[in-house]
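Listed below, chain by chain, are the residues.
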Amino acid sequence: MNHPVVGPIATALPTPSLDRARSFEIADLLSPDDVSRPLLQRLHDKTGIDTRRVSVIEPDGSIPLYGIAAPGEPSTPRVPGTGERMRAYEQGAGPLANRAAAGALERSGTPAASITHVVTASCTGFGAPGIDLGIIDALGLPSSTRRTHVGFMGCHAAVNALAVARGFASESAENRVLVTCVEISTVHFHHARRLDRLISNILFADGAASTVVTMNPAVPASTAHLAATSARIIPDSRDAMAWEIGDHGFEMTLAAEVPTLIAAAIREWVDETLAEHGLDRTAIGGWAIHPGGPKVIDAVSDALELPAGADAISRAVLRDCGNMSSATLLHILERFQLEDVPRPWVGLAFGPGLAGELILIR
């Protein structure tokens, strides 16, 4: 059976960044006075993150959205409402999505006029017309381009977007599907003492990624093909992870048992899926594990008994970029492409539900 081609992935990051020291300063300013500062420091040290890219930082290092002044200046922290956060999302998401999408067209050699579908994914903001129409306008795509948005599904939404693209691409060899994920997670920093909210303040970051999916019979046999996607809802886990809209931004619930729940369910699911395609774990050349945090990577690696170093690129993306929600998995797969990691590849990501999504690229 022929499978759609996954073209070269292009990524985009904001220019402003937070190193670990500045991240701690901001977390300190945003946290209630009764939150332990040694606890905040320990949380930072355990994230595995050295640098995060953040759209809401001004050139002088200030973050007006949260009332945070430039380094060394006195701050008056504030808690913005959801409407203000959505305006900040719109300002950051559009340019990032456009850059990533333009890069995907350029890297794949796909003319803008040939795009038939745009599939976008984002869970950190809402707006209509949204980032999909913004991409069409910015890149000069045809006015007949069909649009599909995968919204509010969380960190695994890249797989959902690619599954939609696979369906569209399979309809006709003429179809060219532009897939773009963009997240501006940092418009949802919290002022709360709950441990999961403290962790989200130091874990999430901003970024975008894009690729073109097509059923093109002219591509070389060595090109990566999107062979399958698979989903699994983990039993008795509904309350373990949630992403809700509140009056002061989107509110994350992240239970401490998430890694344990994933570890208990993932092996059977992955083995069953691979067996359906005549594969087992020893045949997989690249494991792209969404870095929900170091403990999630540990849980997946240990449960699947992956070889030493199999999760190195996932950890490197977490270290260099932070958790960019849906865009993160494509950032990992881009590094697979650039480093010529042997195929097949398996991508794994998790989100509210608690649900897992898997992609198989051959």
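Think of each chain on its own: its residues are numbered from 1, step by step along the sequence as written. Per-residue local features are limited, in this predicted model, to residues with pLDDT of at least 70; the limit for side-chain atom pairs, both in listing and counting, is 80 or more; totals at the level of whole chains, interfaces and linings are taken over all residues. Excluding hydrogens and water, the side-chain figures rest on all heavy atoms present in the structure.

Q: Would you mind going over the sheet that holds strand S12 (residues 286-289) with me for this structure?
A: Across a sheet, strands are paired by hydrogen bonds formed along the backbone, either parallel or antiparallel in direction. In this description, strands pair whenever DSSP reports at least two bridges between them. Counting from the N terminus, the helices are the DSSP runs of H or I reaching at least four residues and the strands are the DSSP runs of E reaching at least two. Taken in spatial order, the four strands of this open sheet run S9-S14-S13-S12, and their pairing is mixed. The sheet terminates laterally at strand S9 (226-233) and S12, the two strands that pair on one side only. On average, each strand axis in the sheet is tilted by 15° relative to the strand beside it, whichever way the strands run. In this sheet, strand S14 (residues 355-361) lies alongside strand S13 (residues 345-351) in antiparallel orientation, the contact comprising seven bridges. Residue tryptophan 345 lies in a different strand from S14, and its bridge partner there is isoleucine 361. To obtain an axis, a line is fitted to C-alpha atoms, over the contacting stretch when the element is a helix, and the angle between two such axes runs from 0 to 180 degrees between their N-to-C directions.

Q: How do you make sense of the pattern of salt bridges when you look at a structure like this?
A: Side-chain pairing between opposite charges can occur once the charged atoms of the two side chains come close. Salt bridges are defined by distance alone: a side-chain nitrogen of Lys or Arg within 4 Å of a carboxyl oxygen of Asp or Glu. Taken as a whole and assessed by the stated rule, the structure comprises 16 salt bridges. Put simply, arginine 37 and aspartate 28 hold a salt bridge, and the shortest N to O gap is 2.3 Å. Buried, partly exposed and exposed residues are distinguished by accessible area as a fraction of the type maximum, computed with a 1.4 Å probe on protein chains only: under 20%, between the cut-offs, and over 50%, respectively. Owing to a relative accessible area of 25%, aspartate 28 belongs among the partly exposed residues under this scheme. Between glutamate 305 and arginine 267 there is a salt bridge whose closest N-O contact spans 3.6 Å. Separated by 38 residues along the polypeptide, glutamate 305 in the loop between helix H8 (294-303) and helix H9 (312-321) and arginine 267 in helix H7 (residues 258-276) bring together distant segments of the chain. By relative accessible area, glutamate 305 is classed as exposed at 56%.

Q: What am I meant to see in the packing of aromatic side chains here?
A: Ring pairs (aromatic) are described by centroid distance and by the angle formed between their planes. Stacked, tilted and edge-to-face are the three classes applied to pairs of Phe, Tyr and Trp rings, where Trp contributes its six-membered ring and a pair requires centres within 6.5 Å; stacked means planes under 30 degrees apart, edge-to-face means over 60, and tilted covers the rest. According to the stated counting rule, one finds seven aromatic pairs in the structure shown. Seen in terms of ring centroids, phenylalanine 336 and tryptophan 345 are 5.4 Å apart; in terms of plane orientation they differ by 70°. Their pairing is edge-to-face. Owing to a relative accessible area of 3%, phenylalanine 336 belongs among the buried residues under this scheme. Following the ring pairs from residue to residue traces out a cluster consisting of Phe126, Phe152, Trp243 and Phe250. Over the ring of tryptophan 345 we find arginine 343; its NZ or CZ atom is 5.9 Å from the centre of that ring. Geometrically, a lysine NZ or arginine CZ counts as sitting over a ring once it is within 6 Å of the ring centre and also within 35 degrees of the ring normal.

Q: Just checking my understanding: could you explain the layout of surface pockets for this structure?
A: In this structure, the largest pocket occupies an estimated 830 Å³ of space. Definitions used for this entry: grid spacing 1 Å over protein atoms alone; cavity, a set of points where a 1.4 Å probe fits but cannot get out; pocket, an open set with protein on both sides within 12 Å along at least 5 of 7 lines; lining residue, one with an atom within 4 Å of a point. Lining of the largest pocket is provided by 40 residues; of these, Ile199, Leu203, Leu254, Gly292 and Gly293 occupy positions nearest its centre. Of all the secondary structure elements, the ones that give two or more residues to the lining of the largest pocket are helix H2 (37-46), helix H6 (195-203), strand S10 (241-246), strand S11 (249-254), H7 and H8. Considering each element in turn, the lining of the largest pocket owes the most residues, seven residues, to H6. Gly falls in the polar group here, along with every residue not listed as nonpolar (Ala, Val, Leu, Ile, Met, Phe, Trp, Tyr, Cys, Pro) or charged (Asp, Glu, Lys, Arg). Class assignment for the residues of the lining of the largest pocket results in 23 nonpolar, 13 polar and four charged. Grid points are joined across faces, edges and corners, and a volume is the space filled by probe spheres set on the points.

Q: Where do I start with empty space enclosed by the protein in this structure?
A: The gaps of empty space that remain are located by a probe, the size of a water molecule, rolled over the atoms. In the structure shown here, the tally under the stated rule is two cavities of 30 Å³ or more. When its volume is computed, the largest cavity comes out at roughly 50 Å³. Lining the largest cavity, in full, are Leu18, Asp19, Arg20, Ser23, His44, Thr47, Ile49, Asp50, Thr51, Arg52 and Ile202. Elements that contribute at least two residues to the lining of the largest cavity include exactly strand S3 (17-19), helix H1 (20-30) and strand S4 (51-53). A class-by-class count of the residues in the lining of the largest cavity yields three nonpolar, four polar and four charged. The computed volume of the second largest cavity comes to approximately 30 Å³.

Q: What should I look at first to understand the packing of H9 against helix H10 (residues 327-338) in this one?
A: To describe two helices that pack against each other, one gives the angle between their axes and the distance between the axes. Between H9 and H10, the least distance of the axes is 9 Å, while the angle of their chain directions is 120°. Classified by the angle between their axes, H9 and H10 sit oblique to one another. Crossing hand, H9 versus H10: right-handed. On H10, the residues touching Ile313, Ser314, Ala316, Val317, Asp320 and Cys321 of H9 are Thr328, His331, Ile332, Arg335 and Phe336. Angles are sorted into four bins: roughly parallel if under 35 degrees, roughly antiparallel if over 145, roughly perpendicular if 65 to 115, and oblique for all others. In this scheme the handedness of a crossing depends on how the near helix is turned from the far one: anticlockwise by less than a right angle means left-handed, clockwise means right-handed. Should any heavy atoms of two residues lie within 4.5 Å, those residues are considered in contact.

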